[in-house]
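# Structural description and commentary
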Amino acid sequence: MEDREREKKENVYAGFDRQIDRRETGAYKWSGGRYGLEEDRIIPMWVADMDFACPEPVATAVKERAAHPLYGYTVRDQGYEAVIAGWMKRRYGFEPREEWLAFAPPGVLYAIYTMLRILTEKGDGVIVLMPNYDPLHEVVTKSGRRLAESQLLIKDGKIEIDFDDLESKLAGDVKVMIISNPHNPSGRVWRREELQRAAELCRRYGVFVISDEIHADFVSQKYGHTAFPSLGEEEALNCMACYSANKGFNLGGLQTSTLVIADPEKRRAFDEEMGIGQTRLDNIFGITATRAAYSDPLCEKWLDEAIEYVDGNKELVYDYLRRYVPEIRAVRSEGTYLMWLDCSALGMDGKELEQFFLESARVQPCMGYEFGGQGGSGDRFVRLNAACPRTIVMAALDRIKNAVSGLRGGR
Ligand SMILES: Cc1ncc(COP(=O)(O)O)c(C=O)c1O
């Protein structure tokens, strides 16, 4: 092995255990002066990014590009589409035709907002499986569309789609369904049969699907990710699927995304709409990082290791809670680095639970109420981000245990 190759490899494997101080870097998750591992600070486990350095070949590619001091308007270079399609083929077993790809440099959310503007008008119904990542239902309500919710169920600690409820809602006055796969906040990886069933219902009732698959890269091969457009030709024509190297490789600050839109009319409309806002070019560093992440085999290896490491963190959380904090029950997280924790037995509602986590435990998860759901079904949950060094997960668990012990004592 060449020296440079060896050096690269060693760097790639140098530790998810390493604690990296992000406080002076503008990191959203760690900003505002109140976060830290010190006793009087709060451990941040909210925003969906990782406290791991991205793989070294990605950082090198960005640095090499940065060394060329011209940062003018940038187009995706030749072969970029092939790199993305190749990645999807290798990782999801689905190879989109290159002409199906569209791009939205600001990110997945902007792409979804754009497609909603194209397909719906104010007052039109859009269905979201709830609870769900807050911007996915807020993009509906804040743009004046009508949110039609289909409540997800929890059966034996596992999130399930209520197909009867879903069908009754689809049969009503709705034009679009938004689904996240894997599901945020729970990390549920939807199986092919489940997606197939949902897709058939959507076609039966003429509902277009926006499938947000931004977390698809962070799914272990054990479960495997099913890309919505891989369900069949009709299904592909009836959806827009959203992807990004952001979640798998921790590139949230580089703002790129790729869409698969098989229907040529919808794709043309999408590209036109992106052109109006001058958002059709791209972010120099976003495309550089994406290309490296999706084409360097060391990055793929890094990703598999990151998934394995986070799976270890999740096991630690399950085991720890079962032993020491049985009042908090974790829903099984199959993909993503997110964990959906049922805190009902603590007997606190949304804001009270938030205060408990921030002030007593000094740990900040995302609060369940943000994710919505009928009758505040998410209220007694929190979403914990397990993508950090294990020592931090452990410190957070100890804090939660002590805070819950304090509650027990007080009762
Ligand atoms: C399900 C889901 N969709 C979209 C996003 C945001 O994507 P982007 O930053 O590309 O808009 C996130 C970020 O956490 C997410 O979890």
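Going by the structure above, here's the rest.
One structure accompanies this document, and this report is about it. None of the values given here were measured: they were computed from a predicted structure.

### Thoughts on the overall build of the protein
- When helices and strands are counted, the protein shows 14 helices and 15 strands.
- Taking 2.2 N^0.38 as the reference for a compact globule, 411 residues should give roughly 22 Å; the C-alpha atoms of the protein span a radius of gyration of 21 Å, in line with that estimate.
- Looking at the protein residue by residue over its 411 residues, the buried ones come to 55%.
- Of the roughly 17700 Å² that the protein leaves accessible, carbon and sulfur atoms contribute 48%.
- Taken as two groups, the 54 positive and 65 negative side-chain charges of the protein have centres that lie 2 Å from each other.

### Brief notes about the packing of helix 3 (residues 80–92) against helix 11 (residues 284–295)
- Their axes nearest at 9 Å, the elements helix 3 and helix 11 cross at an angle of 40°. Compared by their axis directions, helix 3 and helix 11 come out oblique. For the pair helix 3 and helix 11, the sense of crossing is left-handed. Here Tyr80, Val83, Ile84, Trp87, Arg90 and Tyr92 of helix 3 lie close against helix 11, whose contacting residues are Ile287, Thr290, Arg291, Ala293, Tyr294 and Ser295.

### Section: helix 10 (residues 264–276)
- Here helix 10 spans 18 Å end to end across 13 residues, near enough to the 18 Å set by a 1.5 Å rise per residue.
- The complete set of buried residues in helix 10 reads Arg267, Phe270 and Met274. One face of helix 10 carries all of its buried residues, which in axial projection span an arc of 60°. Of the exposed residues in helix 10, those oriented more than 90 degrees away from the buried face are Glu265, Glu272 and Ile276.
- Tucked inside the fold, the buried residues of helix 10 contact strand 2 (101–103), helix 4 (108–119), strand 9 (239–243) and strand 10 (258–261).
- N-cap assignment for helix 10: the residue whose side-chain oxygen lies 2.9 Å from the backbone N of Glu265 is Asp263.
- The positive-phi residue at the C-terminal boundary of helix 10 is Gln278, with phi of around 55°.

### Quick word on the sheet that holds strand 14 (residues 366–367)
- Ordered in space as 11-12-15-14, the 4 strands form an open sheet in which the pairing is antiparallel. The open sheet is flanked by strand 11 (329–330) and strand 14, the only strands paired with a single partner.
- Helix 12 (residues 297–324) contacts strand 11 and strand 12 (338–342) of the sheet and is inclined by roughly 15° relative to strand 12.

### Concerning the sheet that holds strand 4 (residues 146–151)
- In space, the 7 strands of this open sheet follow the order 2-10-9-8-7-3-4, with mixed pairing throughout. Among the strands making up the open sheet, the edge pair consists of strand 2 and strand 4. Across the sheet, the mean angle from the axis of one strand to that of its neighbour is 25°, orientation sign disregarded.
- Sheet strands in contact with helix 6 (residues 163–170) are strand 3 (125–130), strand 4 and strand 7 (176–180), and its direction is about 160° off that of strand 4.
- Packed onto the sheet, helix 10 meets strand 2, strand 8 (208–212), strand 9 and strand 10 and runs at close to 15° relative to strand 2.

### Things to note about the site of the ligand
- Around the ligand, the neighbouring residues are Ala48, Gly107, Val108, Leu109, Tyr133, Asn184, Asp212, Ile214, His215, Asn246 and Lys247.
- Between an oxygen atom of the ligand and a side-chain N or O atom of Asn184, the distance comes to 2.8 Å.
- Contact with the protein chains hides 87% of the accessible area of the ligand, taken as 400 Å² for the molecule alone.
- Looking at the shell around the ligand, the elements with two or more residues in it are helix 4 and helix 9 (246–249).
- Residue composition of the shell around the ligand, grouped by class: 5 nonpolar, 4 polar and 2 charged.

### Focus: the state of the cysteines
- For the coordinates displayed, the defined rule picks out 0 disulfides.
- With no disulfide partner, Cys366 has as its closest neighbouring cysteine sulfur the one in Cys343, 13 Å distant.

### Structural notes on empty space enclosed by the protein
- Here the structure, examined in full by the defined rule, presents 1 cavity of 30 Å³ or more.
- In terms of lining residues, the largest cavity is bounded by Arg91, Tyr92, Ala216, Asp217, Val219, Ser220, Gln221, Gly224 and His225.
- Partitioned by chemical class, the residues of the lining of the largest cavity number 3 nonpolar, 4 polar and 2 charged.

### Comments concerning the nonpolar core
- Within the largest apolar cluster, 72 residues are counted, with the highest numbers of intra-cluster contacts made by Phe249, Tyr294 and Ile328.
- For this core, the leading source of residues is helix 12, giving 11 residues.
- Beyond its immediate stretch of four places on either side in the chain, Ile328 contacts Leu321, Leu341, Asp342, Cys343, Leu346, Phe357, Ile400 and Val404.
- The next biggest cluster of nonpolar side chains, apart from the first, holds 35 residues, and it includes Ile42, Leu152, Met177 and Val209.

### Observations concerning unusual backbone geometry
- Note the cis peptide between Asn181 and Pro182, where omega equals -5°.
- Along the chain, Pro182 falls in the loop between strand 7 and helix 7 (192–204).
- Omega for the peptide link from Asn184 to Pro185 comes to 25°, which places this bond in the cis form.
- Position of Pro185 relative to the elements: it lies in the loop between strand 7 and helix 7.
- Phi angles above zero are rare outside glycine, and Asp156 is one such case at about 50°.
- With respect to the helices and strands, Asp156 occurs in the loop between strand 5 (153–155) and strand 6 (158–160).
- Not every positive phi belongs to a glycine, and Asn250 is a case in point at roughly 65°.
- With respect to the secondary-structure elements, Asn250 resides in the loop between helix 9 and strand 10.

Parameters and conventions
Along every chain, residues carry numbers that run from 1 in the direction the sequence is written. Totals for whole chains, interfaces and linings use every residue, but because this is a predicted model, local features are given only for residues with pLDDT of at least 70 and side-chain atom pairs only at 80 or more, for both listing and counting. To get the side-chain values, take all heavy atoms of the structure and skip hydrogens and water. Numbering of helices and strands starts at the N terminus; helices are DSSP runs of H or I of at least 4 residues and strands are runs of E of at least 2. The globule rule used for comparison is 2.2 Å times the number of residues to the exponent 0.38, while the radius of gyration itself is calculated over C-alpha atoms. Buried, partly exposed and exposed residues are distinguished by accessible area as a fraction of the type maximum, computed with a 1.4 Å probe on protein chains only: under 20%, between the cut-offs, and over 50%, respectively. The Shrake-Rupley method, run with a 1.4 Å probe, gives the accessible areas here. Residue values count only the displayed protein chains as cover. The convention is simple: Lys and Arg are positive, Asp and Glu are negative, and His and the chain ends are not counted. Here the site of a charge means atom NZ of a Lys, CZ of an Arg, CG of an Asp or CD of a Glu. Orientation is described by axes fitted as lines to C-alpha atoms, over the contacting stretch for helices, and by angles from 0 to 180 degrees between their N-to-C directions. Working definition: roughly parallel below 35 degrees, roughly antiparallel above 145 degrees, roughly perpendicular at 65 to 115 degrees, and oblique for all remaining angles. Crossing handedness follows the turn of the near helix against the far one: under a right angle anticlockwise gives a left-handed crossing, and clockwise gives a right-handed one. Contacts are residue-level and defined by heavy atoms, with any inter-residue pair within 4.5 Å sufficient. Here the expected span of a helix is defined as 1.5 Å times the quantity of residues minus one. By construction, the arc corresponds to the directions joining the helix axis to the C-beta atoms. Counted as a polar contact is a pair of N or O atoms within 3.5 Å, where, for protein atoms, one must be capable of donating a hydrogen and the other of accepting one, and residues adjacent in sequence contribute only when both atoms are in side chains. Strands qualify as paired when DSSP identifies two bridges or more between them. The rule for a residue being near a molecule or strand is that one of its heavy atoms must lie within 4 Å of it. We call Asp, Glu, Lys and Arg charged. Ala, Val, Leu, Ile, Met, Phe, Trp, Tyr, Cys and Pro are nonpolar, and the rest, Gly among them, are polar. A pair of cysteine sulfur atoms is labelled a disulfide when the two atoms are within 2.5 Å. Here a cavity denotes grid points, spaced 1 Å and computed from the protein atoms alone, that fit a 1.4 Å probe unable to get out, and a pocket denotes an open set having protein on both sides within 12 Å along at least 5 of 7 lines; residues with an atom within 4 Å of a point are the lining. Grid points are joined across faces, edges and corners, and a volume is the space filled by probe spheres set on the points. Throughout, nonpolar core names a set of buried Ala, Val, Leu, Ile, Met, Phe, Trp, Tyr and Cys residues whose side chains join them through atoms within 4.5 Å.

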